[in-house]
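Descriptive structure summary
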Amino acid sequence: MSRRSPTASVDVIPLVARFPALARLPRISLGTFPTPVVALKTVAPSLWIKRDDLCADPMGGNKTRALEFLLGDLHPGERVVTVGSAGSTHALAVAVYAARIGAHVSVGRWTQEMNATAVRVAQQLAERTDRAPVFRSPLGAYVWALRQRRRGVRWIPAGGSSPLGILGHVNAGLELVAQIDAGMLPQPKRVVVPLGTGGTAAGLALAFRIADRDITVVGARVVPRIVGRARRVQRLANRTARLIEGMSGARLPRVRRHDVSVAHDSYGGAYGRETDKGKEAAARLANATGIVLDPTYSAKAFSLALELAPGGPLLFWLTFDSRILGAS
Ligand SMILES: Cc1ncc(COP(=O)(O)O)c(C=O)c1O
C-alpha cells in the first residue's frame, strides 16, 4: 500500500499524464496497472478480454479502480459507510481496502435474489465489516447509512459511482487507449461491460470521448431499468467531465447519447438471478481459459459479448475477480 504524493513523478497514471492538475487529488495505490488484454481466439475470433480481475490483491475488479480515489485520503481509525445488495462486490471491495488502511467499515445492505457467488460475498461481508445489517429494501439501508453520515462517518456512494470514483474508470479507459496505440489489440468497435450503478460504463465512455475514439460502450444491464439507463450513464460521465474541467481548466468533449448503449435483455428479471445464457457463456469461457465469471455481473455481460463479437473487434471488460471467494 502506498500513497502517491502530489509531486510523485514515478508511475504517472494515464489520467494524470493527460490532466497533470489531477495529481493534486489524493489517491491510494491499490492495484497494479495496466491490466493485461488477451485475445480470446479459441472462444471467438475478434474477441478480446481486459483482465481487470487481476488488477489487485486480494481482490481485483472494477471497484478497486474507483476506490483508489474514493479512499485516497482515508486515515487509520476513520469510519466509512456504504450501501449495496446483500452480496455486493462493491461493498466487499470497500471492506477489504478500507480495512487495509485501518478504517472501520459498515455496510447497509438490502435483500436480493441470491446465487452461489452472492452467498459467498455475503458471508465475507459479514466477516469483514463492523456491521452489515440487511434491510428489506434499499430505502431502509440508505436511511440507516444517512444516520451514520450525520454522525460524521465517511460516505462511499453505492457502487462507488460518484464523479470522484468514476475518475478511476476514466483512467482505465485511457489505459486501454494506450494499449491500442501500442498495438496490443486492434481498436474495438465495442467494449462490453456489466451495467450496474453505471460508473464503470460512464468512465470508459468519457475516456473514449477524451481520446476521440469511436468505441461504443455497451452495458449489459444487470439491475432494474430505473438504475440501468443510458441517460444516467451519460449524466454520470458528464458530471465527471465537469470535475476534470474544474480541476484542470481543460475543455472536455461531452459523452453523447450514442456513445453508450444498454442491452436490457441481459437482465433476466432480477438482480442476481442466474440466466441460462449467462451460465452457458460462463461455462464456455471457463472451459476455454479457466477464467471464472459470476452470475450477477460478468456472466450476463460475457453472454452479450459472445452475441456481439461477430460484428467486429470487441473487448469484454472483466470486472469480477473470483480469487477472494476461493475455488468456484
Ligand atoms: C463485479 C462487478 N461488475 C460490474 C459491476 C457494475 O459496475 P457499475 O456499478 O460501475 O455499473 C459491479 C458493481 O458492483 C460489480 O461488482
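Residues numbered from 1 in each chain as written. Predicted model: local features only at pLDDT ≥ 70, side-chain atom pairs only at ≥ 80, totals over all residues.

Quick word on the environment of G203
By the secondary structure assignment, G203 is in helix α7 (residues 199-210). Sequence spacing of G203 and S161 is 42 residues, and the spatial spacing of their C-alpha atoms is 9.5 Å. Other than its neighbours up to four places away in sequence, G203 contacts I166, G168, H169, V170, A172, G173 and T240. (Helix = DSSP H or I, 4+ residues; strand = E, 2+ residues; numbered from the N terminus. Contact = placed C-beta atoms within 7 Å.)

Overview of the domain arrangement of the protein
When its domains are assigned, the protein resolves into domain 1 (2-59 + 161-325) and domain 2 (72-155). For domain 1 versus domain 2, the distance between C-alpha centres works out to 23 Å. Residue-level contacts link 17 residues of domain 1 with 17 residues of domain 2. Classifying every residue of the side of domain 1 that touches domain 2 by side-chain character gives eleven nonpolar, two polar and four charged. (Domains from an automatic or database assignment. Nonpolar A, V, L, I, M, F, W, Y, C, P; charged D, E, K, R; others polar.)

A closer look at the environment of P157
By the secondary structure assignment, P157 is in the loop between β8 (154-155) and α6 (163-181). Spatially, the C-alpha atom of P157 lies 18 Å from that of Q234, the residues being 77 residues apart in sequence.

Thoughts on the sheet that holds strand β9 (residues 190-195)
Hydrogen bonding along the main chain pairs the strands of a sheet, whether they run parallel or antiparallel. Taken in spatial order, the six strands line up as β3-β4-β12-β9-β10-β11 in an open sheet, and their pairing is mixed. Single-partner strands in this sheet number two, and they are β3 (37-39) and β11 (260-263). Averaged over all neighbouring strand pairs, the angle between strand axes comes to 25 degrees, with direction disregarded. Each of β4 (47-50), β9, β10 (216-221), β11 and β12 (314-317) touches helix α10 (residues 298-308); the most contacted strand, β9, lies at about 155 degrees to it. (Pairing = 2+ DSSP bridges. Axes fitted to C-alpha atoms, helices over the stretch in contact; angles between N-to-C directions.)

What about the nonpolar core?
If you look at the biggest cluster of nonpolar residues, it comprises 102 residues, and the most contacted ones within it are V94, V192, A205, F302, A305 and F316. Per-domain counts for this core show at least three residues from each of domain 1 (2-59 + 161-325) and domain 2 (72-155). In this view, V94 contacts L67, V80, T82, V105 and I156; residues no more than four positions away in its chain are not counted. (Core = buried A, V, L, I, M, F, W, Y, C linked by C-beta atoms within 7 Å. Buried ≥ 20, exposed ≤ 12 C-beta atoms within 10 Å, placed from the backbone.)

Some points on the sheet that holds strand β6 (residues 104-110)
The four strands are arranged β7-β6-β5-β8 in an open sheet whose pairing can be described as parallel. Looking at the sheet topology across the chains shown, the edges are occupied by β7 (134-135) and β8. The sheet contact formed by β6 and β7 spans two bridges and is parallel. Its bridge partner lying in β7, R109 is registered against V134. Where helix α5 (residues 138-150) meets the sheet, it contacts β5 (79-85), β6, β7 and β8, and its direction lies at approximately 155 degrees from that of β6.

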